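Structural overview
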Amino acid sequence: NTGDPANPEGRTNSIAQNAEILGQYIAGVQQKTGAEKVDLLVHSMGGMISRYYIDRVMKNDNVAQVIFLGTPMSGSACVYPVAVLGFLMPASLEIQPDYMVNIFNQQVTHRHGLPFHMVAGTRLLEQITSPCVAAPSDMVVALDSATSIPLDDVQKVPLVHGDLTTDPTVFEQAVRHLLQAPPGAFSPRP
């Protein structure tokens, strides 16, 4: 539960609470499929939840790789008006740049050797067109924020934030080949 725009006054889960739920979901997928590991394909705040899960919740090595779609690794200033109005709490507090940079990124640093891949939207190239974050951006997440932690690779696509999950070219050109990696393709990382 990262928030429902139709009910902005409703409470959200915290990143930590969502990470626990993600762990239950992964366990259910493994039980149903018999998979030893799963790939995580996550959008926006789902990337922060996945990072928290890997760092703090994951008990066994059950994730093979993470593919982020427009995750604001250093937060997004677009959430300031939402938080000031008291909407989508506490998620709107946890996605703020100050929280992400000074608290989350300082504490959530262990990736257990997992490959991290980023697909970042870069539709807005001029600062005047990017309403609340630096350009280039996907209108919500600046490229600088999406790439502010160590990543194995970054693919830039000329899309806005919401289209990262629906545009078929993202899947065909940026995601499919990562999901098709055979089980032995992941070399251990520090």
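For the structure given in this document, a descriptive report is provided here. Since we're looking at a predicted model, the values are computed, not measured.

As a further point, take unusual backbone geometry. Between M89 and P90 the backbone carries a cis peptide bond, its omega angle lying at 0 degrees. Within the secondary structure, P90 is located in the loop between α3 (80–84) and α4 (91–94). Here the residue pair A135 and P136 is connected by a cis peptide bond, since its omega of 0 degrees sits within 30 degrees of zero. Note that P136 resides in the loop between β3 (116–121) and α6 (143–146). Although it is not a glycine, H112 sits at a positive phi angle of roughly 50 degrees. Note that H112 resides in the loop between α5 (97–107) and β3. The class for H112 is partly exposed, based on a relative accessible area of 48%. Despite not being glycine, M139 has its phi angle at roughly 90 degrees, a positive value.

Take the sheet that holds strand β4 (residues 153–157) next. Here we have four strands laid out as an open sheet, ordered β1-β2-β3-β4, and parallel in their pairing. Across the chains shown, the open sheet's two edge strands, defined by having one partner strand only, are β1 (38–43) and β4. Neighbour to neighbour, the strand axes of the sheet diverge by 15 degrees on average, direction disregarded. Looking at chain direction, β3 and β4 are connected through five bridges and run parallel. Paired with A120 across the two strands is K156, which belongs to β4. Against the sheet, helix α1 (residues 15–33) makes contact with β1 and β2 (63–69), and its axis sits at roughly 140 degrees relative to β1, the strand it touches most. Contacts from helix α7 (residues 168–179) reach β1, β2, β3 and β4, with the element oriented near 165 degrees to β2.

Cut-offs and rules
- Numbers given to residues run from 1 along each chain, matching the order in which its sequence is written.
- Confidence filtering applies because this is a predicted model: local features only for residues at pLDDT of at least 70, side-chain atom pairs given and counted only at 80 or more, and all residues used for totals across whole chains, interfaces and linings.
- Side-chain metrics rest on all non-hydrogen atoms present in the structure, leaving aside hydrogens and water.
- Only runs of H or I of at least four residues qualify as helices and only runs of E of at least two qualify as strands under DSSP, and these elements are numbered from the N terminus.
- Buried, partly exposed and exposed residues are distinguished by accessible area as a fraction of the type maximum, computed with a 1.4 Å probe on protein chains only: under 20%, between the cut-offs, and over 50%, respectively.
- The pairing criterion is simple: DSSP has to find at least two bridges between the two strands.
- Angles shown run from 0 to 180 degrees and are taken between the N-to-C directions of axes, each axis being a line fitted to C-alpha atoms and, for helices, limited to the stretch in contact.
- Contact definition: two residues touch when any of their heavy atoms are within 4.5 Å.

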